[in-house]
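# Per-entry structural report
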Amino acid sequence: KQEVTQIPAALSVPEGENLVLNCSFTDSAIYNLQWFRQDPGKGLTSLLLIQSSQREQTSGRLNASLDKSSGRSTLYIAASQPGDSATYLCAVRHGTNAGKSTFGDGTTLTVKP
Amino acid sequence: NAGVTQTPKFQVLKTGQSMTLQCAQDMNHEYMSWYRQDPGMGLRLIHYSVGAGITDQGEVPNGYNVSRSTTEDFPLRLLSAAPSQTSVYFCASRMLGRTNTEAFFGQGTRLTVV
């Protein structure tokens, strides 16, 4: 059974700092990995999706990497802003295009002005 | 674009009552799914569907029914609500047949069973 772990559970940083969020998974036979952002009381918003054949994806100040062999993904946020404060979740899709996804519990990020 | 729309946003039920959570998407996505999100347990898959007329169970299906009569709609039915079903419910959809298909989520339904 795939298990997805996100450490730390919570992170507080001053504005402007670069930071890395971690996601680890136990089964490397993944189809893709997706990073989401969730604001309090809201749904999940997709940030980046990395296919199993890719090593990284970038969108603006965000960069996500994937190392299937070690079962790890990182989400790098450059020059953090208070508006980046949210919970960040990673989701691993299993095996095929129609495969199910397993979510981590998320890292709650607070960026202090 | 409306994306994925869930109704209602909030609901309070008494134990034993039944209700249907609605989910609709306007992106012609084949794959739709329901999750529940509980503190400390992350998102858990309840049921999913890969197309009209096809549904299957996820990780925590007990106490819930689904049907998929159209591509657009995927309602979730609670047969006899229990306090353990107090949770936030999310519907999600995505395309099939492409490798870079992102999942899109609704805004959630916050359900309290008393």
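Before going further, it helps to spend a moment on the pattern of salt bridges. All chains considered together, the criterion is met by five salt bridges over all chains. In this structure, A:Asp84 engages A:Arg61 in a salt bridge whose closest nitrogen and oxygen atoms are separated by 2.8 Å. Here A:Arg61 lies in the loop between strand 6 (56-59) and strand 7 (62-67) and A:Asp84 lies in the loop between strand 8 (72-77) and strand 9 (86-94), a separation of 23 residues in the sequence. In the salt-bridge network here, residues are joined through shared partners; they are B:Arg36, B:Asp38 and B:Arg44.

The next thing to look at is the side chain of B:Thr101. Residue and element names in this part refer to chain B. Inspection of the secondary structure assignment puts Thr 101 in the loop between strand 9 (87-94) and strand 10 (104-105). On the basis of relative accessibility, which here comes to 4%, the residue Thr 101 falls in the buried class. At 3.5 Å, the side chain of Thr 101 forms a polar contact with the backbone oxygen of Met 95.

At the interface, 22 residues of chain A touch 27 residues of chain B. Interface area for chain A against chain B, summed over the two sides, is near 1,800 Å², with a carbon-plus-sulfur share of 47%. Across the contact surface, chain A and chain B share one salt bridge. For A:Lys1, the salt bridge identified is with B:Glu59, shortest N-O distance 3.8 Å. Linking chain A with chain B are five residue pairs in polar contact (both at pLDDT 80 or more). Where the side of chain A that touches chain B is concerned, the elements lending two or more residues are strand 4 (30-38), strand 5 (44-51), strand 9 and strand 10 (101-103) of chain A. Here the side of chain A that touches chain B takes five residues from strand 4 of chain A, the largest share from any one element. Taken together, the residues of the side of chain A that touches chain B break down into seven nonpolar, ten polar and five charged.

If you walk through the whole model with that rule in mind, you get eight aromatic pairs over all chains. Between A:Phe103 and B:Phe105, the aromatic rings sit 6.0 Å apart at their centres with planes inclined by 90°, giving edge-to-face as the arrangement. Of the two residues, A:Phe103 sits in strand 10 while B:Phe105 sits in strand 10, which places them in two different chains. Judged by its relative accessible area of 7%, A:Phe103 falls in the buried class. For the pair B:Phe90 and B:Phe105, a centre-to-centre distance of 6.5 Å together with 70° between the ring planes defines the contact as edge-to-face. With a gap of 15 residues between them, B:Phe90 in strand 9 and B:Phe105 in strand 10 connect regions that are remote in the sequence.

All names here are of chain A. Judged by pairing direction, the sheet is antiparallel, and its five strands sit side by side in the order 1-3-8-7-6 without closing on themselves. The open sheet terminates on both sides in strands that have one partner only, identified here as strand 1 (4-5) and strand 6. In this structure, strand 1 lies alongside strand 3 (residues 19-25), joined through two bridges in antiparallel fashion. What sits directly across from Val 4, in strand 3, is Phe 25.

Our next topic: the state of the cysteines. Applying the stated criterion across every chain, the model contains two disulfides over all chains. At a sulfur-sulfur separation of 2.0 Å, the disulfide partner of A:Cys23 is A:Cys90. Sign of the S-S torsion, about 80° for the bond between A:Cys23 and A:Cys90, identifies this disulfide as right-handed. In this pair, A:Cys23 is assigned in strand 3 and A:Cys90 in strand 9, connecting sequence segments 67 residues apart. Take A:Cys23: its relative accessible area is 2%, and that puts it in the buried class. Residue pairing for B:Cys23: its cysteine sulfur links by disulfide to B:Cys91, the two sulfurs lying 1.9 Å apart. Taking the sign of the S-S torsion, about -70° here, the bridge from B:Cys23 to B:Cys91 comes out left-handed. Pair noted here: B:Cys23 is in strand 3 (residues 19-25) and B:Cys91 is in strand 9, with a separation of 68 residues, a long-range link.

About the cut-offs
- Residues numbered from 1 in each chain as written.
- Chains lettered and ligands numbered in written order.
- Predicted model: local features only at pLDDT ≥ 70, side-chain atom pairs only at ≥ 80, totals over all residues.
- Heavy atoms only, no water.
- Salt bridge = Lys/Arg side-chain N within 4 Å of Asp/Glu carboxyl O.
- Helix = DSSP H or I, 4+ residues; strand = E, 2+ residues; numbered from the N terminus.
- Buried < 20%, exposed > 50% of the residue type's maximum accessible area, 1.4 Å probe, protein only.
- Polar contact = N/O pair within 3.5 Å; in protein donor to acceptor, adjacent residues only side chain to side chain.
- Contact = heavy atoms within 4.5 Å.
- Buried area = accessible area lost by both parts, 1.4 Å probe.
- Nonpolar A, V, L, I, M, F, W, Y, C, P; charged D, E, K, R; others polar.
- Phe/Tyr/Trp six-rings, centres within 6.5 Å; stacked < 30°, edge-to-face > 60°.
- Pairing = 2+ DSSP bridges.
- Disulfide = S-S within 2.5 Å.

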